Amino acid sequence: MGAAMRRIHVGNGLSAFGLGFTVPYLYVYVAQVRGLGSVTAGLVLAVFAVAALIVLPFAGRAIVRRGPLPVLLVALVTAALGALSLGLSASAATVLLSAAALGAGQAVMQPALATMIVDCSTTETRSRAFATQFFLQNLGLGVGGLIGGHLVDTTSASSFTLLFAIEAAMFLVLVVVMATVRTPHAPHVAAVPGQAAGNSWKQLLGNRAMVQLCVLGFVLFFACYGQFESGLSAYGVEAAGISTSALGTALAANTLMIVIAQFAVLKFVERRRRSRVIAAVGLIWAVAWAVAGYAGLGHGSQTMATAAFISTYALFGLGEALLSPTLAPLVADLAPTGLAGQYNSAFALVKQLALAIGPAVGGPLGASLHAPYIVAFLLFSLGITVLAVRLGRQLTDVQNQPSLARSRVVTQGGAPADAVAAAEA
């Protein structure tokens, strides 16, 4: 990795560490510590999603026109102000406004950082770069949540103020770190012949492969991430009798699987077609949902149910480890020169939409209709496999398997190896 990529990865780790400090405790902070009630706390979580859905369409155009670094710095300052204000807020109005600023800043960070990774990597190194990003994000969230949990005191609002102040400080430190990054080639829309920024969304929607990838991404995030802390946890508690401590162990198993498997699966992923890797994730998650079904509906011992439920989260983690070096690099490879920011923002928008709808659908279903919940999401997982196979037909050979680009070497005479082989035939 070059110096720029190292700083970008430090930035990813610091931002995740800051978020891990506060996100798990937002509901408790608003509802209990500030005494604003469960309705306001629920609205705060909704505001995060709404703010992201509002700003992401504009963030893509800004990244294309200005480059990712200026957009990232604005997002970091906005998030820092939102975090600090949230720690000091005592009324519902100021809490909601602060949450909107924090949510908007967080949402824009994702495509901006992803675009900087694209600028500082090549097709050959991109999978490893995004795998490292995902690894550091999970590590930062886990460590931040662990430390934050030991600092908070539900009887003291000042302990939460300290927590949000630390999060704001992390964002401001990140501003200093990222301000020193010099990307090798920052994209500008002017570099795309005949392409105006106002037409970038039209061009994206005309890219059939990208549209199919967005549909696939929605199903992926809806069926996995959108269920972690809502439908699946509700199902575990209500149907399988999982205790809160066992639920925490299951979430830890998910993170541990990612940490262990992330770099172990890289070589496997880099040598396979991306569409087939995503299809395999669908099958792995189908098995995960079947195991969850056994946990809640198998009528076995409580020990076996708990073990099965923890295994479900671990299997999801394995699928996530396979996806991290696959999805984001594919988005970048589908983007025309100079429009990586637009494509990253579009995919982030799809993700946010899935994460907003997933809990709203999965929560009530997982809590009350146990068998239909498992069957529905098992079918969603199999749908991922079908959509991935269909997507593979829209991709070029190199888009689907970048390692092919390295194998197509040029011979000593200057002719491509494929052409030489054809001539000899």
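Residues numbered from 1 in each chain as written. Predicted model: local features only at pLDDT ≥ 70, side-chain atom pairs only at ≥ 80, totals over all residues. Heavy atoms only, no water.

### A look at the overall build of the protein
So, point 1. The secondary structure content of the protein amounts to 21 helices and zero strands.
So, point 2. Scored against the burial criterion, the 425 residues of the protein give a buried share of 51%. (Helix = DSSP H or I, 4+ residues; strand = E, 2+ residues; numbered from the N terminus. Buried < 20%, exposed > 50% of the residue type's maximum accessible area, 1.4 Å probe, protein only.)

### Things to note about the confidence of the model for the protein
So, point 1. The pLDDT averaged across the protein works out to 80; a share of 90% of its residues lies at or above 70.
So, point 2. For the stretch residues 409–425, pLDDT sits under 50, and the model shows eight contacts to residues farther than four places along the chain or on other chains. (pLDDT = per-residue confidence, 0-100. Contact = heavy atoms within 4.5 Å.)

### Here we look at the side chain of Ser127
So, point 1. Tracing the chain through its elements places Ser127 in helix H6 (residues 126–151).
So, point 2. Judged by its relative accessible area of 7%, Ser127 is buried.
So, point 3. Those residues in contact with Ser127 that lie beyond four places of it in its chain are Leu266, Glu270, Arg274, Pro325 and Pro329.

### Focus on empty space enclosed by the protein
So, point 1. Throughout the structure, instances matching the rule amount to one cavity of 30 Å³ or more.
So, point 2. Considering only enclosed or pocket space, the largest cavity measures out at about 90 Å³ in volume.
So, point 3. When contributions to the lining of the largest cavity are tallied by element, the ones reaching two or more residues are helix H13 (266–270) and helix H20 (403–407).
So, point 4. Class assignment for the residues of the lining of the largest cavity results in three nonpolar, three polar and five charged. (1 Å grid on protein atoms, 1.4 Å probe; cavity = no way out; pocket = protein on both sides within 12 Å on 5 of 7 lines; lining within 4 Å. Points joined across faces, edges and corners; volume = space filled by probe spheres on them. Nonpolar A, V, L, I, M, F, W, Y, C, P; charged D, E, K, R; others polar.)

### Some points on the environment of Phe48
So, point 1. Position of Phe48 relative to the elements: it lies in helix H3 (residues 37–66).
So, point 2. For Phe48, a relative accessible area of 13% gives the class buried.
So, point 3. Taking C-alpha positions, Phe48 is 9.2 Å from Leu96, a pair spaced 48 residues apart along the chain.

### Details of the packing of helix H5 (residues 92–119) against helix H17 (residues 340–368)
So, point 1. Across the interface, H5 lies against H17 with an axial gap of 9 Å and an inter-helix angle of 140 degrees. The pairing of H5 with H17 is recorded here as oblique in orientation. Taken as a pair, H5 and H17 cross one another with a handedness that is right-handed. Facing H5, whose interface residues are Gln110, Pro111, Ala114, Thr115 and Val118, H17 presents Ala340, Gly341, Asn344, Ser345, Ala348, Lys351 and Gln352.
So, point 2. In terms of residue class, the contact of H5 with H17 is built from five nonpolar, six polar and one charged. (Axes fitted to C-alpha atoms, helices over the stretch in contact; angles between N-to-C directions. Parallel < 35°, antiparallel > 145°, perpendicular 65-115°, else oblique. Left-handed = near helix turned anticlockwise from the far one by under 90°.)

### Section: the nonpolar core
So, point 1. Counting 113 residues, the largest nonpolar core has Met178, Met210, Leu213, Leu232, Trp285 and Phe309 as its most contacted members.
So, point 2. The leading source of residues in this core is H5, at 11 residues.
So, point 3. When sequence neighbours within four positions are dropped, the list of residues in contact with Phe309 reads Leu232, Ser233, Tyr235, Gly236, Ile242, Leu247, Ala250 and Ala295. (Core = buried A, V, L, I, M, F, W, Y, C linked by side-chain atoms within 4.5 Å.)

### Notes on a nonpolar patch on the surface
So, point 1. On the surface, a cluster of nonpolar side chains totalling about 390 Å² of accessible area is made up of Leu139, Val143, Leu146, Ile147 and Leu151.
So, point 2. One can find Ile147 in helix H6. (Patch = residues over 30% accessible without salt bridge, like charges linked within 9 Å, V, L, I, M, F, W, Y side chains within 5 Å. Areas by Shrake-Rupley, 256 points an atom, 1.4 Å probe, with all protein chains shown as cover. Salt bridge = Lys/Arg side-chain N within 4 Å of Asp/Glu carboxyl O.)

### Here's the deal with the pattern of salt bridges
So, point 1. Counted under the stated rule, the structure contains two salt bridges.
So, point 2. With a closest N to O distance of 2.8 Å, Arg126 and Asp333 form a salt bridge. Of this pair, Arg126 sits in helix H6 while Asp333 sits in helix H16 (residues 327–334); the two residues are 207 residues apart in sequence, bridging distant segments of the chain.
So, point 3. When the shortest N-O distance is used, the salt bridge between Arg274 and Asp333 registers 2.8 Å. Of this pair, Arg274 sits in helix H14 (residues 274–297) while Asp333 sits in helix H16; the two residues are 59 residues apart in sequence, bridging distant segments of the chain.

### Comments concerning helix H9 (residues 208–223)
So, point 1. Here H9 spans 23 Å end to end across 16 residues, near enough to the 22 Å set by a 1.5 Å rise per residue.
So, point 2. By the burial criterion, the buried members of H9 are Ala209, Met210, Gln212, Leu213, Cys214, Leu216, Gly217, Val219, Leu220, Phe221, Phe222 and Ala223.
So, point 3. Residue Asn207 occupies the N-cap position of H9, its side-chain oxygen lying 3.2 Å from the main-chain nitrogen of Ala209. (Expected span 1.5 Å × (residues − 1). Polar contact = N/O pair within 3.5 Å; in protein donor to acceptor, adjacent residues only side chain to side chain.)

### Topic: the packing of H16 against H17
So, point 1. Running from N to C, H16 and H17 cross one another at 135 degrees; their axes reach a closest spacing of 8 Å. Considering their axes alone, H16 and H17 lie oblique with respect to each other. H17 is crossed by H16, and the crossing has right-handed handedness. Listed contacts from H17 to Leu327, Val331 and Leu334 of H16 are Tyr343, Asn344 and Phe347.
So, point 2. Residue classes in the contact of H16 with H17 are distributed as five nonpolar, one polar and no charged.

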